[in-house]
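Per-entry structural report
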Amino acid sequence: MNDTARATPAATVPAPLIALSGISRTFVTGDMPVTVLKDVSLEIRAGEFVAIMGQSGSGKSTLMNILGCLDKPSAGTYRFAGHDVSDLSTNELAALRREAFGFVFQGYHLISGATAVENVEVPAIYAGLPAAEREERAEGLLTRLGLGDRLDHRPNQLSGGQQQRVSIARALMNGGHVILADEPTGALDSRSGKEVIALLKGLAEDGHTVILITHDREVAANARRRIEIRDGRIISDSGPDAAALARAAPTPDVTVRPRPIGAVLAAFGEAAVMAIRSLRANIFRTFLTLLGIVIGVASVVGLLAIGQGATSDVLSRISAMGDNLLVVRPGAPNQRVASGSSVLTLVDSDATAIDRLDNVLAALPEVASNVTVRAGNVDYTTSVQGTSWKMPTARNWDVARGTFFSEADQKAYAPVTVIGQTVADILFPDGSDPIGRWILVKSIPFQVVGVLASKGATFGGQDQDDAMFVPITTGLLRLFGNRGALRSVTVAVDDTSRIAETQMAITDLLTGRHGREDFQIRNMASIIETATQTAATMTLMLGSIAAISLLVGGIGVMNIMLVSVTERTKEIGVRMATGARTWDILQQFLTEAIVVSAIGGVIGVGLGVGVGWIAHQFGMEVVFSTGPMLLAFGCATATGLVFGFAPAYKAAHLDPVVALSSE
């Protein structure tokens, strides 16, 4: 270093605020390392007004980035106020930038959607200054710099000189002990440039340490100390100025303190405000961002309301079938017996005994199997069920044509059958009358004596008309071959108020007959419970489909947020330069994603209610409840949190220098 300075006596020179020793900075472009700074040693004391000048590519901007803790040297030591900067973590470096430095950039680097006051407030937000105090201080600084009538103006409403004044006010917001001005007049006309230089000179007179980076010797001449850099080396230094040192402000406290709770809350509030500002700035993209979330939430609310309505309708239809039935099944309680199994714990004589009990209207022994039947040239697989001649009475199922088989048919093991409407339509497609016709069941001919009235599908979707009914005696003897084992006994009670009493009587009867409880009894309440569970499963399936829509919406939020990070990279760099920590940036973009998703959730809930209302107008049963609405809204918010994390993480881990230099 070539020292051509007016040297002050050693006894009067205070310890340096900034001390660089052997600093080098090398970048790797492809496979080629490029050294921009080469063995730079430099001391700057508090209160100095220093100009670092050099042509483009000389390394002056890289030196400024290192001085401002935006970049780290490849070699050498940097001490600020006696602290080795290399020992500081990323967040401690952010705190140092926030407490000690103020940046004035050539391109101003103002947040486009924020007012002048809001731009100036940014460093104080990360310092945890209360909103009222930071607003008052920002307005005071802008008024001091001649912008008292431009407080609510946005950058595009200000001239270049006015924007640079806003940038200077922002640099002073947290004290601005060290002002780093990178080509502050480069984008200004001569008049505005002179005004900015006058402001910087005034700050130096007030005791701020001002470091001016410029290629213009005329601009550099305004500084009291001039350092020239060429090809990464300092080639001249006029030395410190004793008069300036006497006016120096106290050395800033660079101790990193725990973050005040006010700073955390303020950062959340700022992020929410910025999210709304961003939404307002680009309405069409906002619509696309919200669309997936809105559709997902509306689907959850609407489909679940329709599903719950369908459940209610199914249960009411089941209840309408009668609540006077008890169903006895083989197998001990809590033991599941597979359909069609031949567990010999329930037999026809049990049904006969139950039929004799008091309050029993009818006891239907039942056994069934899927069998391929033939009528003429038509083969068809259907359910063949053996049951009692009392079935129409017990199940309230009328015969549309012909008759049901009689008690005499049952006692005589008669090969007769009554068929459902679906079976009649398939086996006799020509529309001919099935009564008196013969059907082969396992090569055994059965004569059709009746066709049942159409019942339709059960709540589970099973076609009740797709069945044939034969006398239980005939079925056990000729078709099922299961040693007389029954699938179930359905009991219709006469007085439903005594159904529990009748159930206990059946339990006592069968336990006495079998010597143990090897059967299960369910009343209509159990059937309704099963129907409820089935309907709940269907509702869950509908909710899952809707949740997929919400997932797709979340992916849309992530994509839009990634685009937003790319577009606002320079803004992120500015926030980092003004003291934002990694968590601050992460929190900011996460909050923005959550706000976007929450707004979409609110709109989606409203749309889902609207869809349900329209469905109700078309005669569908719809039941709204608060739970699904809150769940959908909560899922939408959680979607923003989950899918917003990747873009937020990307933003939080950007290199400040790279972010600031982005276009």
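Note that the coordinates shown come from a computational prediction; the quantities given were computed from them, not determined experimentally. (Residues numbered from 1 in each chain as written. Predicted model: local features only at pLDDT ≥ 70, side-chain atom pairs only at ≥ 80, totals over all residues. Heavy atoms only, no water.)

1. Digging into the sheet that holds strand β9 (residues 225-230)
The 6 strands lie next to each other as β6-β7-β8-β3-β9-β10, forming an open sheet whose pairing is mixed. The sheet is open, and its two edges are formed by β6 (101-104) and β10 (233-237), each paired on a single side. Each adjacent strand pair in this sheet contributes to an overall mean axis angle of 20°, direction not counted. Where β6 and strand β7 (residues 178-182) come together, 4 bridges link them in parallel fashion. Considered in β7, the bridge of Gly102 is made with Ile179. Its contacts with the sheet put helix α2 (residues 90-100) on β6 and β7, and the angle it makes with β6 is roughly 75°. Helix α5 (residues 160-172) contacts β6 and β7 of the sheet and is inclined by roughly 170° relative to β6. (Pairing = 2+ DSSP bridges. Helix = DSSP H or I, 4+ residues; strand = E, 2+ residues; numbered from the N terminus. Axes fitted to C-alpha atoms, helices over the stretch in contact; angles between N-to-C directions. Contact = heavy atoms within 4.5 Å.)

2. Some remarks on the packing of aromatic side chains
Pairs of aromatic rings are described using the distance from one ring centre to the other and the angle between the two planes. The tally for this structure, following the rule as stated, stands at 6 aromatic pairs. Pairing Phe80 with Phe101 gives two aromatic rings, centres 5.1 Å apart and planes at 50°, and the pair type is tilted. One end of the pair, Phe80, is in strand β4 (residues 75-80); the other, Phe101, is in strand β6, and 21 residues separate them in sequence. Across the pair, exposure class does not vary: Phe80 and Phe101 are buried alike. With a centroid separation of 4.4 Å and 35° between ring planes, the pair formed by Phe404 and Phe405 is classed as tilted. Exposure remark for Phe405: the relative accessible area of 2% places this residue in the buried category. Linked through ring pairs, Phe80, Phe101, Phe103 and Phe105 together constitute an aromatic cluster. Of note, Arg25 hangs over the ring of Phe27, and the distance from its end group to the ring centre comes to 4.2 Å. (Phe/Tyr/Trp six-rings, centres within 6.5 Å; stacked < 30°, edge-to-face > 60°. Buried < 20%, exposed > 50% of the residue type's maximum accessible area, 1.4 Å probe, protein only. Lys NZ or Arg CZ within 6 Å of the ring centre and 35° of its normal.)

3. Some points on helix α18 (residues 569-577)
Most of α18 sits out of view: 8 of its 9 residues are buried. All buried positions along α18 are accounted for by Thr569, Glu571, Ile572, Gly573, Val574, Arg575, Met576 and Ala577. Looking one or two residues beyond α18, the residue adopting positive phi is Gly579, at roughly 110°.

4. What about the nonpolar core?
Residues Val328, Val384, Ile419, Ile439, Val441, Val489 and Val491 are the most contacted members of the largest nonpolar core, which totals 39 residues. With 6 residues, strand β12 (residues 360-375) is the single largest residue contributor to this core. Residues contacting Val384, with those up to four places away along its chain left out, are Val367, Ala368, Ser369, Val371, Val373, Val441, Met468, Val470, Leu479 and Phe480. (Core = buried A, V, L, I, M, F, W, Y, C linked by side-chain atoms within 4.5 Å.)

5. Considering the sheet that holds strand β5 (residues 83-84)
Pairing in this open sheet of 4 strands is antiparallel, and the strands run β2-β1-β4-β5 from one edge to the other. The open sheet terminates on both sides in strands that have one partner only, identified here as β2 (32-44) and β5. The pairing of strand β1 (residues 18-29) with β4 spans 5 bridges and is classified as antiparallel. Its bridge partner lying in β4, Ala19 is registered against Arg79. Relative to the sheet, helix α1 (residues 60-67) contacts β1, β2 and β4, its axis offset from that of β1 by approximately 120°.

6. Some details on the side chain of Lys60
Note on placement: Lys60 falls in helix α1. Buried within the structure, Lys60 lacks any salt-bridge partner; Glu183 is the closest side chain of opposite charge, at an N-O distance of 4.0 Å. Reaching out from Lys60, the side chain makes a polar contact with the backbone oxygen of Gly54 at a distance of 3.0 Å. With residues up to four places along the chain from it excluded, the contact list for Lys60 reads Ile52, Met53, Gly54, Gln55, Glu183, Ile213, Thr214, His215 and Ile229. (Lys, Arg positive; Asp, Glu negative; His and termini not counted. Salt bridge = Lys/Arg side-chain N within 4 Å of Asp/Glu carboxyl O. Polar contact = N/O pair within 3.5 Å; in protein donor to acceptor, adjacent residues only side chain to side chain.)

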